[in-house]
Amino acid sequence: MPHRVAVTCPECAGEAVFEFAERVRIKTKNDLHWFEKSKHFDCLKEAGPNGQEYHSAIYYNGLMGNALPLISDLPRGYRIDDWAHSDHMFRSLNDWRGTFVCESCGKRSKHSLDWPREAYFQIEYRDQNLWAFDRASTVELIDYIGASHRKTDDFIYWPFLMKIPHVFLTRQARETVEKRLRKRLA
Ligand SMILES: [Zn+2]
């Protein structure tokens, strides 16, 4: 998934943004004390693959503004950039925690994403749901569904196009599906 996805606001039904939180493993007990006291981070106890426990510091990107905070006294061995999203467009999924921001009504909170149920760009066709991550991927989806010759090189940039159920891709579905998607974009 991308680091940010479009979600439906439960308060105003508008288009809101969910942004994934980032976590970094805490190295020592002293560090843990520091992170526990910090107002910028939450601490999380986790179990590793071998059953050993460790702590992580989780930062909710986007909760207090779009930039990472300037913190002058981070413990040694950490940089605030450690909590930046990776440069990869898509992230592997291990945690659904993040920040919910709705510009329309001002709702801003920590949130556990329920995907794709909360996807803003989703439509129903013949009892099946079709969804996209955000505005840009919805445009790609419309192009792809509407194209008379579907190009597989789009898959490199938009791997999710590969996974569209056949029911949305039939000749008879095309017009209705396109129209419903466009309505969400309006
Ligand atoms: Zn809202």
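Refer to the structure presented above.
Note that the coordinates shown come from a computational prediction; the quantities given were computed from them, not determined experimentally.

### Thoughts on the nonpolar core
Part 1 of the reasoning: Core analysis: the largest hydrophobic core is formed by 23 residues, its most contacted members being Ala6, Val7, Ala16, Phe121 and Val177.
Part 2 of the reasoning: Contributions of two or more residues to this core are made by strand 1 (4-8), strand 2 (15-20), strand 6 (97-101), strand 9 (128-131), helix 2 (135-146) and helix 4 (171-185).
Part 3 of the reasoning: Each of domain 1 (4-112) and domain 2 (122-185) contributes no fewer than three residues to this core.
Part 4 of the reasoning: For Ala16, the contacting residues outside a window of four places in its chain are Val7, Thr8, Cys9, Phe100, Val101 and Cys102.

### Section: the sheet that holds strand 3 (residues 22-25)
Part 1 of the reasoning: Spatial strand order, 3-5-4: three strands in an open sheet with antiparallel pairing. Of all the strands in the sheet, just strand 3 and strand 4 (42-47) have a single pairing partner and so form its edges. Across this sheet, the average inter-strand angle for adjacent strands is 35 degrees, counted without regard to direction.
Part 2 of the reasoning: Both strand 3 and strand 5 (residues 53-59) contribute to a ladder of four bridges, which runs antiparallel. Bridging across to strand 5, Val24 finds its partner in Ala57.

### Remarks on the sheet that holds strand 6
The pairing of strands in a sheet comes from backbone hydrogen bonds and takes either a parallel or an antiparallel form.
Part 1 of the reasoning: The four strands lie next to each other as 1-2-6-7, forming an open sheet whose pairing is antiparallel. A single partner strand is all that each edge strand has here, and the edge strands are strand 1 and strand 7 (108-112). Going across the sheet, the axis of each strand differs from the next one's by a mean of 35 degrees, ignoring polarity.
Part 2 of the reasoning: In terms of strand pairing, strand 1 meets strand 2 through five bridges, oriented antiparallel. Across the sheet, the residue bridging to Val5 is Phe18, located in strand 2.

Basis of the calculations
- Residues numbered from 1 in each chain as written.
- Predicted model: local features only at pLDDT ≥ 70, side-chain atom pairs only at ≥ 80, totals over all residues.
- Core = buried A, V, L, I, M, F, W, Y, C linked by C-beta atoms within 7 Å.
- Buried ≥ 20, exposed ≤ 12 C-beta atoms within 10 Å, placed from the backbone.
- Helix = DSSP H or I, 4+ residues; strand = E, 2+ residues; numbered from the N terminus.
- Domains from an automatic or database assignment.
- Contact = placed C-beta atoms within 7 Å.
- Pairing = 2+ DSSP bridges.
- Axes fitted to C-alpha atoms, helices over the stretch in contact; angles between N-to-C directions.

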